[in-house]
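# Chain and residue survey
Chain by chain, the residues run as shown.
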Amino acid sequence: MSSELRWLLDHWQSDGRWPVPEAPRPTSGIVLIRDGTEGLEVFITRQLDARGVEDRNRWAFPTSSLRPGDVRKLPLAGWNSARCARALSIENKSRALHHFSAAARITFAATGILLAEDVDREVVAVPQTDWRTTRSRLFSNEVSWSQVLRDRDVKLRPDLCKPWLRWINTPTQLHRFDTTFFIATVPFGQEVDFLSPNETSGGWKRPSQVLEEVGDDPNSIGASARLIVESLSEVTTVGAAMAQVRNVHPLRPEIINDDGDWKVVIQTGKDPHSKGTLRDRAIAVGETDSDQSPGFLSFGGDDDDDDTLDEETEDS
């Protein structure tokens, strides 16, 4: 775990009091992938001076909390809320659609990639670099995501986002998050135009490159981001990644003290990268749904992150 969390745990232990865990805040994260000349690449960001901690430089993926405006009057195509719920293996259809919509929103705000279809029912294939002001307003919540889609006369395509990993950080965190990470590929004709409100950098890297750079340093990458990068390190192409059937049952890391040494433990009983067997075809492929109403509902932290950051760089 990071030196930051280790210090916090030592402080609580010496004080003899432990925090009362707060309810995890639901968030969504996005991992853009593409086929590179040397294999699969991921778009990953790197935080600069986070929360006054010098040279933190933590690798992370864009994440954001769920917002009421994400699904209110949401123009939707392809999957409906019931199909989204089945993809996430949860019963709350509104919550499921919220996660997909928030993932698409932070994708557009941070990278300019629009996961939507136009009036001709074709996936949008035009670079979105001319909407930087709108994207900045999305970061600050000055405009709703559904309004942005309506203004551009496009409809959200949840099926372009593939659920990959669900991570709920430990009860010892000052701030807790329940983050569902999705992977998505850049639609043909679009291109990444990274926008950061806090001077964070972003770029394409092979998963193996990220792992080589971070090594065994827990201060360089959060546990959830590391699991995602590791799980993609042996995937050769975008097609192979999108074809995988993922079990998105939440991973709940625990903190233990092993002879004075703090450790993060994931009690899965199996490889956390595969997380179980294939689900049935109805869940993996989908069925015809009658529910056409998206439903309404009102960044993320991991085992070594105890505060919130600007949305597109939060590591859950």
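Notes on the structure follow. Just so we're clear, the structure is a prediction, and the values are computed from it rather than from any experiment.

Moving on, we get to the overall build of the chain. When you go through the chain residue by residue, the secondary structure sums to nine helices and 11 strands. For the chain, the residues scored as buried account for 51% of the 316 residues in total. Carbon together with sulfur atoms contributes 47% to the accessible area of the chain, which is approximately 14,000 Å² in total.

Glancing now at the pairing of strand S1 (residues 25-36). Pairing analysis gives nine bridges linking S1 to strand S8 (residues 177-185), with the strands arranged parallel. The residue of S8 that forms the bridge with Val 31 is Ile 183. The sheet contact formed by S1 and strand S4 (residues 63-65) spans three bridges and is antiparallel. Opposite Ser 28, over in S4, you have Ser 64 as the bridge partner. Here four bridges tie S1 to strand S2 (residues 39-46), and the two strands are oriented antiparallel to one another. Following the sheet pairing, Gly 36 is matched in S2 by Gly 39. The turn linking S1 back onto S2 is made up of two residues.

Between its terminal C-alpha atoms helix H3 (residues 93-111) stretches 27 Å, which fits the 27 Å expected from 19 residues at 1.5 Å a residue. Burial analysis of H3 places 17 of its 19 residues in the buried class, which makes it a mostly covered element. Residue Gly 112 follows H3 closely and has a positive phi angle near 80°.

Moving on to the packing of H3 against helix H4 (residues 132-139). It is the contact of H3 with H4, at a shortest axis distance of 8 Å, that shows an interaxial angle of 130°. Classified by the angle between their axes, H3 and H4 sit oblique to one another. Regarding H3 and H4, the two cross each other, and that crossing is left-handed. Packed against H3, whose contacting residues are Arg 105, Ile 106, Phe 108, Ala 109, Ala 110 and Thr 111, the element H4 presents Arg 135, Leu 138 and Phe 139 at the interface. When grouped by side-chain class, the residues that make up the contact of H3 with H4 number six nonpolar, one polar and two charged.

This part is about the nonpolar core. Counting residues in each nonpolar core, the largest one holds 40 residues, and the members touching the most others are Leu 74, Leu 114 and Trp 145. Only S1, helix H2 (81-88), H3, H4, helix H5 (145-152) and S8 provide two or more residues apiece to this core. For this core, the element with the most residues is H3, which contributes nine residues. Apart from the residues lying within four places of it in its own chain, the contact partners of Trp 145 are Gly 69, Asp 70, Leu 74, Ser 101, Ala 104, Arg 105, Phe 108, Leu 114, Leu 138 and Leu 156. Counting 25 residues, the second-largest nonpolar core is a separate cluster that includes Val 42, Trp 164, Val 214 and Ile 221.

In total, this model carries six aromatic pairs according to the counting rule given. Ring geometry for Trp 79 and Phe 100: centres 5.9 Å apart, planes at 75°, overall edge-to-face. Placement of Trp 79 in the loop between S4 and H2 and of Phe 100 in helix H3 is noted, with a sequence separation of 21 residues between them. Since its relative accessible area comes to 1%, Phe 100 is described here as buried. Among the aromatic side chains, those forming a connected cluster through ring pairs are Phe 43, Phe 194 and Trp 204. Taking the ring centre of Trp 164 as reference, the NZ or CZ of Arg 246 above it sits at 4.0 Å.

Rules of the game
- Residues numbered from 1 in each chain as written.
- Predicted model: local features only at pLDDT ≥ 70, side-chain atom pairs only at ≥ 80, totals over all residues.
- Heavy atoms only, no water.
- Helix = DSSP H or I, 4+ residues; strand = E, 2+ residues; numbered from the N terminus.
- Buried < 20%, exposed > 50% of the residue type's maximum accessible area, 1.4 Å probe, protein only.
- Areas by Shrake-Rupley, 256 points an atom, 1.4 Å probe, with all protein chains shown as cover.
- Pairing = 2+ DSSP bridges.
- Expected span 1.5 Å × (residues − 1).
- Axes fitted to C-alpha atoms, helices over the stretch in contact; angles between N-to-C directions.
- Parallel < 35°, antiparallel > 145°, perpendicular 65-115°, else oblique.
- Left-handed = near helix turned anticlockwise from the far one by under 90°.
- Contact = heavy atoms within 4.5 Å.
- Nonpolar A, V, L, I, M, F, W, Y, C, P; charged D, E, K, R; others polar.
- Core = buried A, V, L, I, M, F, W, Y, C linked by side-chain atoms within 4.5 Å.
- Phe/Tyr/Trp six-rings, centres within 6.5 Å; stacked < 30°, edge-to-face > 60°.
- Lys NZ or Arg CZ within 6 Å of the ring centre and 35° of its normal.

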